[in-house]
Amino acid sequence: MWSHGTSTRPGRLLPIDCPTVAKLYFRYGAMNSGKSTGLLQAAYNYEERGQRVLLAKPQVDTKGEDQILSRLGVTRTVDFLIPHGASVLELFHRYATGDDPDALLEHVDAKPVACVLVDEAQFLETDQVDDLLRIAVLHNVPVMAYGIRTDFRTQAFPGSARLMELAHSLEELKTICRCGRKAVFNTRKVGERFVFEGDQVAIDGVEVTYESLCGQCYLTESGGRLG
């Protein structure tokens, strides 16, 4: 059943009692903007109200292995990792229903999933981001993806670019540059030296670290170079 309803466009028909559809959220920010901390806080808020969440991250993020690491020191094991080439939709179905190929029983009933939370979402493949939208829209389960928008060369990660295209809601999480301005770019350092060439993916290690800078500080360190 349809009605003219309220619209700024004359003659537009709107469905009556159209059900609310869950949304895909992308919360992004430069390094040290509290993305993982925000994700863990969101999970805590759901669980405090007796609701079930699923936590995931791309397997390529080897930092912490199967852990979500907050720089405040809070950690939590994910419910599943997302390997290269894997279907996120199939992984969601497996873990949402309680099925576990390693369990003694073939099926264990589980509470409905109230939210899916994905850390380091910039490392997702575009097809995997598409699956996040399918989970939200077709299964009516909100999906909150957290990640950085661009790499140390100011180029968008494929996962982040696709999230910017598909997400119903975009939220920037802010952090501060060393000069006091808002940081918007991520820089890579080898030892104490900034580098602006190299592979897009290089997880934190003994020699490789990252620093968030504002546009002015980034261009100063790069000699005016972008990308």
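Scroll up to find the structure.
Here's what I pulled together on the structure shown here. Because the structure is predicted, anything quoted here is derived from the model rather than measured.

## Quick notes on the packing of helix H2 (residues 88-96) against helix H3 (residues 126-139)
- Where H2 contacts H3, the axes come no closer than 8 Å and their chain directions differ by 50°. The angle between H2 and H3 places the two elements in the oblique class. Residues Val88, Leu89, Phe92 and His93 of H2 form the contact with H3, whose participating residues are Gln128, Asp131, Leu132, Arg134, Ile135 and His139.
- Looking at the contact of H2 with H3 residue by residue, the class counts come to five nonpolar, three polar and two charged.

## Some remarks on the environment of Ile82
- Within the secondary structure, Ile82 is located in strand E7 (residues 80-82).
- By relative accessible area, Ile82 is classed as buried at 3%.
- Sequence-wise, Ile82 and Glu125 are 43 residues apart; in three dimensions their C-alpha atoms are separated by 9.9 Å.
- Excluding its chain neighbours within four sequence positions, the residues that come into contact with Ile82 are Ala56, Lys57, Pro58, Gln59, Val88, Leu91, Leu124 and Gln128.

## Structural notes on the sheet that holds strand E13 (residues 208-213)
- Overall, antiparallel pairing links the three strands, which are arranged E12-E11-E13 in an open sheet. Single-partner strands in this sheet number two, and they are strand E12 (193-195) and E13. Ignoring which end each strand starts from, the neighbouring axes of this sheet average 45° apart.
- Judged from the six bridges that link them, strand E11 (residues 185-190) and E13 form a sheet pairing that is antiparallel. Looking at E13, one finds that Thr187 is bridged to Glu211.

Rules of the game
- Sequence order as written defines the numbering, with residues in each chain counted from 1.
- Under the rules for a predicted model, residues below a pLDDT of 70 receive no local features and side-chain atom pairs below 80 are neither given nor counted, while totals for whole chains, interfaces and linings still include all residues.
- For the side-chain quantities, the full set of heavy atoms in the structure was used; hydrogens and water were omitted.
- Lines are fitted to the C-alpha atoms to define the axes, a helix being fitted only along its stretch in contact, and any angle between axes, read from their N-to-C directions, falls within 0 to 180 degrees.
- Each helix corresponds to a stretch of at least 4 residues labelled H or I by DSSP, and each strand to a stretch of at least 2 residues labelled E; elements are numbered beginning at the N terminus.
- Throughout, the term roughly parallel applies to angles under 35 degrees, roughly antiparallel to angles over 145, roughly perpendicular to angles from 65 to 115, and oblique to all others.
- Contact definition: two residues touch when any of their heavy atoms are within 4.5 Å.
- Polar here means any residue other than Ala, Val, Leu, Ile, Met, Phe, Trp, Tyr, Cys and Pro, which are nonpolar, and Asp, Glu, Lys and Arg, which are charged; Gly is therefore polar.
- Each residue gets one of three labels from its accessible area relative to the maximum for its type: buried under 20%, exposed over 50%, partly exposed in between, using a 1.4 Å probe on protein chains only.
- A strand pair is defined by DSSP finding two or more bridges across the two strands.

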